[in-house]
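Each chain is listed here by its residues.
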Amino acid sequence: MTGILNRVHSTPEKSIPALLEVVRPVLHSCQETNAALASLVPPNQFWRFKDMWSNSLRTAVYSAAFVEYLTSGKLISLRDVAENLGIKEEWKDCFSLAVEDYLHGLISLVNELSRLAVNAVTLGNFEEPIRISIFVKDIFAGFTMLNLKNDQLRRRFDSLKYDLKKIEEVVYDLSLRKLTVSKNDNREPTQP
């Protein structure tokens with residue numbers, strides 16, 4: 001999934017829906033794997049075995065979140081990710097999507113969106129970095145409301161600051177070159 005999604009950085013905006021149609025079946029195939037895992041884990045042993053699949057699950061969360069962003073420009077909820085991945089509520093004592101894994105997936109999404117902001121400009125899409133900036137600022141604001149301990153999630157959260165800064169620099173450069181339309185300006189953007 002991540003290999004296919006990585007193509008978005010060199011794909012023109014009009015071709016992204018076709019790329020997403022290739023990713024969706026792979027994403028939905030995770031449902032079978034998750035069902036198989038849920039059947040293998042004994043009842044009430046979720047936390048004992050959780051670390052065995054956390055990285056793969058975080059990658060699946062990132063992929064689902066990236067597909068949702070590219071499709072609708074919105075953030076996918078924890079419940080919707082679990083539904084996309086076929087994770088059922090009745091499995092909660094043996095297999096579920098932990099909030100921590102969901103948050104790690106969102107951080108990976110922001111990391112990838114900072115790359116996309118730069119690459120969108122090279123493909124001539126000057127509005128995408130602005131959409132990404134607004135989206136990432138909302139996610140960052142949500143993370144700042146969390147009381148994160150000094151652990152892996154906290155360290156990864158710190159990377160969001162650098163991603164946000166990188167995106168803001170792209171937007172700043174675009175506005176300096178007058179490649180975007182400001183809210184107070186109804187003129188068309190100038191092309192280089």
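Scroll up to find the structure this text is about.
Below, the structure is looked at part by part. Quick caveat: nothing in here was measured; it's all calculated off a predicted structure. (Residues numbered from 1 in each chain as written. Predicted model: local features only at pLDDT ≥ 70, side-chain atom pairs only at ≥ 80, totals over all residues. Heavy atoms only, no water.)

### Section: the overall build of the protein chain
We apply this condition: Think of it this way: any DSSP run of H or I at least four residues long counts as a helix, any run of E at least two long counts as a strand, and we number them from the N terminus. Exposure classes here rest on a 1.4 Å probe applied to the protein chains alone. A residue is buried below 20% of its type maximum, exposed above 50%, and partly exposed in between. The contact criterion used throughout is that any non-hydrogen atoms of two residues lie within 4.5 Å. Accessible surface area values rest on a Shrake-Rupley calculation with a 1.4 Å probe, where residue burial reflects the displayed protein chains alone. In this tally Asp and Glu are treated as negative and Lys and Arg as positive; neither His nor the chain ends contributes. Here the site of a charge means NZ on Lys, CZ on Arg, CG on Asp, or CD on Glu.
Helix and strand counts for the protein chain come out as 9 helices and 0 strands. Sequence-ordered secondary structure for the protein chain, helices as α and strands as β, is α-α-α-α-α-α-α-α-α. In terms of its C-alpha atoms, the protein chain occupies a principal-axis envelope of roughly 60 × 40 × 25 Å. For the protein chain, the proportion of its 192 residues judged to be buried stands at 42%. Within the protein chain, counting contacts between residues at least 6 apart in sequence, those at least 24 apart form 72% of the total. Carbon and sulfur atoms make up 53% of the accessible area of the protein chain, which amounts to about 11,100 Å² in all. If you average the places of the 24 positive and of the 24 negative side-chain charges in the protein chain, the two averages end up 4 Å apart.

### A look at the nonpolar core
We count it as follows: Side-chain atoms within 4.5 Å are what join buried Ala, Val, Leu, Ile, Met, Phe, Trp, Tyr and Cys residues into a set we call a nonpolar core.
Counting 54 residues, the largest nonpolar core has F66, L70, L85, L113 and F143 as its most contacted members. Each residue touching F66, except ones within four places of it in the same chain, is listed here: L5, V8, L109, E112, L113 and L116.

### A short note on the packing of aromatic side chains
Formally: Working definition: a ring pair exists when centres of Phe, Tyr or Trp rings (six-membered ring for Trp) sit within 6.5 Å. Plane angles under 30 degrees give stacked, over 60 give edge-to-face, the rest tilted.
Applying the stated rule across the entire model yields 8 aromatic pairs. Measuring from ring centre to ring centre gives 4.7 Å for F46 and W47, while their planes differ by 75°; the resulting arrangement is edge-to-face. Owing to a relative accessible area of 4%, F46 belongs among the buried residues under this scheme. Arranged with centres 6.3 Å apart and planes meeting at 65°, the rings of W91 and F95 form a pair that is edge-to-face.

### Some points on the environment of E68
Of note, E68 is situated in helix α5 (residues 54-72). On the basis of relative accessibility, which here comes to 26%, the residue E68 falls in the partly exposed class. For the pair E68 and V81, spaced 13 residues apart in sequence, the C-alpha to C-alpha distance is 9.6 Å. When near neighbours in sequence (up to four residues on either side) are disregarded, E68 contacts G73, K74, L75 and I76.

### Section: the environment of R177
The topology assignment puts R177 in the segment after α9 (152-176). Residue classification places R177 among the exposed positions, given a relative accessible area of 53%. C-alpha separation for the pair R177 and R154, spaced 23 residues apart in sequence, amounts to 36 Å.

### Here we look at the packing of helix α7 (residues 99-122) against α9
Filter applied, for reference: To define axes, lines are fitted to C-alpha atoms, for helices over the stretch in contact only, and angles between the resulting N-to-C directions are given on a 0 to 180 degree scale. Just so you know how the angles are binned, under 35 degrees is roughly parallel, over 145 roughly antiparallel, 65 to 115 roughly perpendicular, and the rest oblique. Left-handed is the label given to a crossing in which the near helix is rotated counterclockwise from the far helix by less than a right angle, and right-handed is the label when the rotation is clockwise. We call Asp, Glu, Lys and Arg charged. Ala, Val, Leu, Ile, Met, Phe, Trp, Tyr, Cys and Pro are nonpolar, and the rest, Gly among them, are polar.
With their axes 9 Å apart at the nearest point, α7 and α9 run at an angle of 20° to one another. Relative to α9, α7 is oriented roughly parallel. Here α7 and α9 pass one another in a crossing that is left-handed. Among the residues making up the contact of α7 with α9, the classes are represented as 13 nonpolar, 6 polar and 5 charged.

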